[in-house]
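Descriptive structure summary
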Amino acid sequence: MKKNDAGKRYRLVENTRARLGQVMTPPPLASAVVCLMGAQGGNWLELGSGSGRLAEAVSSGATPASYLGVEVEPSIIALSPSLPGFSFVQQDVLAVDELARTLELKQFDHVIGNPPYGIHGFSAEAAARLQKLCPDLEVQGNWAPIDLYFVLESLARLKPSGSAAFIVGADIPCGTQSQRFRKMLLDKASEIECYELPQSAFGGYVEVQAYALIARYGKSRARHVSLGRLNDQFQITALRRVSPAQAISSMDLSSHEFAEIDAALRQSSQGLTMKDLEVSIIRGSRTRSQFSQLGVAHFHTSDFPRSGMEVSFETAPSPDFQQATVGDILLPRVGTRCLEHKAVVVSGQAPYSESVFRVRMPAKHQERVVRWITSSECSAWRRAAARGACAKHLTVSTLLSMPVPL
């Protein structure tokens, strides 16, 4: 495979939704990131510049002296803006030697980017470069977060007193694999901010957990990290400071909030969990598509009631599939927008999709478990406990570990 073809593998996406999430930065998001960064003037670098949405935001909000965008796809470069002092070059960021020749020994005042995300396999040269940029980084074979590669390569071109801003997936701020990077960032940066972006950040057709990571460099080292959350208008709605040790563990505000919620619940539950109360949690046996192809009526995440919790079924028994019946509680397994929902079966029985969990408990614990699972506090716990770089999801083990207050 030619190196250009390798670049197309991670950068050229035929699916419009995937392209929106990985390549095209919505203008309001681009403007918000530049505003959060707060940098003015100077020379800028963007690796993986796409169609120039971030470049346009920098031009409008930061009055740069110059801007260099690097992008692998010529057809996408053709969409980039024509602005004084702005230039865009075709180059595969993962082609180590070629990128070095393109950038030479230039250092930049500011670096910015919305790189592709996800775990990707690297060439031997790129894997070696990754390890050089972040020694002792945990890499499984030659596989690592691709946005981490772009971030590290960008930071390597930054002046000692520069600043950086990136739109990244969940692996960088949250993943255990990226802890070594977070420690390195704390060892070198003067100020660090990480904001959880709203689910609507890339539009209604894309569901991905993304973050705006800001770093400023200087003589001092960061004594704390600011973690926040942005709403649909990209305004800061929550903000707190955490210690360097906490930030190395996670730069996700929700995870720190969850730790507090969970600790309080475990105290009030006297240590008893769903597992301790002999609760059974079973995932559905078919996907929604498979059930539809079989012509079998079933319960899916889209069927959770928007008001109330009771559901009734009129379908005939289907012994070939997992069934939900009277007294069962149904919970969403996946889907950021629906995780707070729940349903109690009051009549009939029906199969349910693999995006749904069926919850059953012994009669002796039924009142306690039902009261807890149907509460708004439990919905908040489940939302906070869900994980995932794209649509957030819950696992059986997570739910079985859930404390159940008296």
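An account of the accompanying structure is given in this report.

Calculation rules
Residues numbered from 1 in each chain as written. Predicted model: local features only at pLDDT ≥ 70, side-chain atom pairs only at ≥ 80, totals over all residues. Heavy atoms only, no water. 1 Å grid on protein atoms, 1.4 Å probe; cavity = no way out; pocket = protein on both sides within 12 Å on 5 of 7 lines; lining within 4 Å. Points joined across faces, edges and corners; volume = space filled by probe spheres on them. Helix = DSSP H or I, 4+ residues; strand = E, 2+ residues; numbered from the N terminus. Nonpolar A, V, L, I, M, F, W, Y, C, P; charged D, E, K, R; others polar. Buried < 20%, exposed > 50% of the residue type's maximum accessible area, 1.4 Å probe, protein only. Salt bridge = Lys/Arg side-chain N within 4 Å of Asp/Glu carboxyl O. Pairing = 2+ DSSP bridges. Axes fitted to C-alpha atoms, helices over the stretch in contact; angles between N-to-C directions. Core = buried A, V, L, I, M, F, W, Y, C linked by side-chain atoms within 4.5 Å. Contact = heavy atoms within 4.5 Å. Parallel < 35°, antiparallel > 145°, perpendicular 65-115°, else oblique. Left-handed = near helix turned anticlockwise from the far one by under 90°. Expected span 1.5 Å × (residues − 1). Phe/Tyr/Trp six-rings, centres within 6.5 Å; stacked < 30°, edge-to-face > 60°. Right-handed = clockwise from strand over helix to strand, strands pointing away.

1. Remarks on the layout of surface pockets
Here the idea is plain: a probe the size of a water molecule rolls over the atoms and shows the empty space left. Here the largest pocket is characterised by a volume of approximately 400 Å³. Lining the largest pocket are 20 residues, with Glu 196, Arg 229, Ser 254, Arg 383 and Lys 392 sitting closest to its centre. Those elements that provide at least two residues to the lining of the largest pocket are β10 (225–230), α12 (253–268) and α15 (376–385). Residues that form the lining of the largest pocket fall into these classes: nine nonpolar, five polar and six charged.

2. Focus on unusual backbone geometry
A positive phi angle, close to 60°, is found at Phe 234, a residue other than glycine. With respect to the element layout, Phe 234 can be found in the loop between β10 and β11 (236–242). The phi angle at Gln 270 is positive, at roughly 55°, despite the residue not being glycine. For Gln 270, a relative accessible area of 62% puts it in the exposed group.

3. Side note on the pattern of salt bridges
Evaluated as defined, the whole model comprises 16 salt bridges. When the shortest N-O distance is used, the salt bridge between Glu 191 and Arg 216 registers 3.0 Å. Placement of Glu 191 in strand β8 (residues 191–196) and of Arg 216 in strand β9 (residues 210–216) is noted, with a sequence separation of 25 residues between them. With its nearest N and O atoms 2.8 Å apart, the salt bridge here joins Arg 216 to Glu 193. Here the residue Arg 216 occupies a position in strand β9, and Glu 193 occupies one in strand β8, the gap between them amounting to 23 residues. An identical accessibility class is assigned to Arg 216 and Glu 193; each is buried. The network of salt bridges with common partners includes Arg 129, Glu 153 and Arg 157.

4. Points about the sheet that holds strand β18 (residues 356–360)
The pairing of strands in a sheet comes from backbone hydrogen bonds and takes either a parallel or an antiparallel form. Taken in spatial order, the five strands of this open sheet run β12-β18-β15-β16-β13, and their pairing is mixed. Of all strands in the sheet, those with a lone pairing partner are β12 (280–283) and β13 (310–312), marking the two edges. Going across the sheet, the axis of each strand differs from the next one's by a mean of 35°, ignoring polarity. Note that strand β15 (residues 329–332) and β18 share four bridges and pair antiparallel.

5. Examining the sheet that holds strand β1 (residues 43–47)
The strand order β3-β2-β1-β4-β7-β9-β8-β10-β11 describes an open sheet built from nine strands, whose pairing is mixed. Strand pairing shows two members of the sheet lacking a second neighbour, β3 (86–90) and β11, which therefore form its edges. This sheet shows a mean twist of 15° between the axes of neighbouring strands, independent of strand direction. In the sheet, β1 pairs with strand β2 (residues 66–71) via five bridges, with the strands oriented parallel. Its bridge partner lying in β2, Trp 44 is registered against Tyr 67.

6. Quick word on the nonpolar core
Judged by nonpolar contacts, the single largest core of 51 residues is most densely connected at Phe 122, Leu 155, Phe 181, Leu 185 and Ile 192. Per element, the largest residue contribution to this core is seven residues, and it comes from helix α8 (residues 146–155). Not counting the four nearest positions on each side in its chain, Phe 181 is found in contact with Cys 134, Leu 137, Leu 148, Val 151, Leu 152, Leu 155, Ile 172 and Leu 213. Ranked by size, the runner-up nonpolar core spans 31 residues in total, among them Val 33, Met 37, Ile 112 and Ala 210.

7. A closer look at the packing of α12 against α15
Between two packed helices, the angle of one axis relative to the other and the distance separating the axes together describe the packing. Closest axis-to-axis distance for the α12/α15 pair is 10 Å, and the angle between their directions is 135°. By the angle class used here, α12 and α15 are oblique. As for the relative orientation of α12 and α15, their crossing is left-handed in sense. For the pair formed by α12 and α15, the contact residues are Phe 258, Ile 261, Asp 262 and Leu 265 on the first element and Trp 381, Ala 384 and Ala 385 on the second. A per-class count over the contact of α12 with α15 returns six nonpolar, no polar and one charged.

8. Here we look at α12
Between the first and last C-alpha of α12 there are 23 Å, a value that for 16 residues agrees with the 22 Å anticipated at 1.5 Å per step. If you follow the buried residues of α12, they end up packed against β8, β10, β11, α11 (244–249), α14 (366–373) and α15.

9. What about the pairing of β9?
The buried count for β9 comes to seven of seven residues, which makes it a mostly enclosed element. Here β9 shows no split at all, with Ala 210, Ala 212, Ile 214 and Arg 216 on one side and Tyr 211, Leu 213 and Ala 215 on the other all buried. When strand β7 (residues 158–169) meets β9, the two strands line up antiparallel, connected through seven bridges. Directly across from Gly 169, in β9, lies its bridge partner Ala 210.

10. Describing helix α3 (residues 27–37)
Along α3, the residues classified as buried are Leu 29, Ala 30, Ala 32, Val 33, Val 34, Leu 36 and Met 37. Downstream of α3 by a residue or two, Gly 38 has a phi angle that is positive, lying close to 75°.

11. Remarks on the side chain of His 256
Residue placement: His 256 occurs in helix α12. Not counting chain neighbours up to four residues away, the residues in contact with His 256 comprise Leu 227, Arg 240, Val 242, Gln 246 and Ser 250.

12. Details of the packing of aromatic side chains
In this structure the tally under the stated criterion is eight aromatic pairs. Here Tyr 67 and Phe 86 contribute two aromatic rings whose centre-to-centre distance is 4.9 Å and whose plane-to-plane angle is 10°, an arrangement assigned as stacked. On the criterion of sequence distance, the pair formed by Tyr 67 in strand β2 and Phe 86 in strand β3 is long-range, its members being 19 residues apart. The class for Tyr 67 is buried, based on a relative accessible area of 1%.

13. Some remarks on the pairing of β1
Sheet faces and side chains relate simply in a regular strand, where the side chains alternate between the two faces. Burial runs high along β1: four of the five residues are buried. Since β1 and β2 lie parallel, the crossover through helix α4 (residues 53–61) that links them has a hand, and here it is right-handed. Where β1 and strand β4 (residues 108–113) come together, three bridges link them in parallel fashion. Among the inter-strand pairings, Trp 44 is bridged to a residue of β4, identified as His 110.

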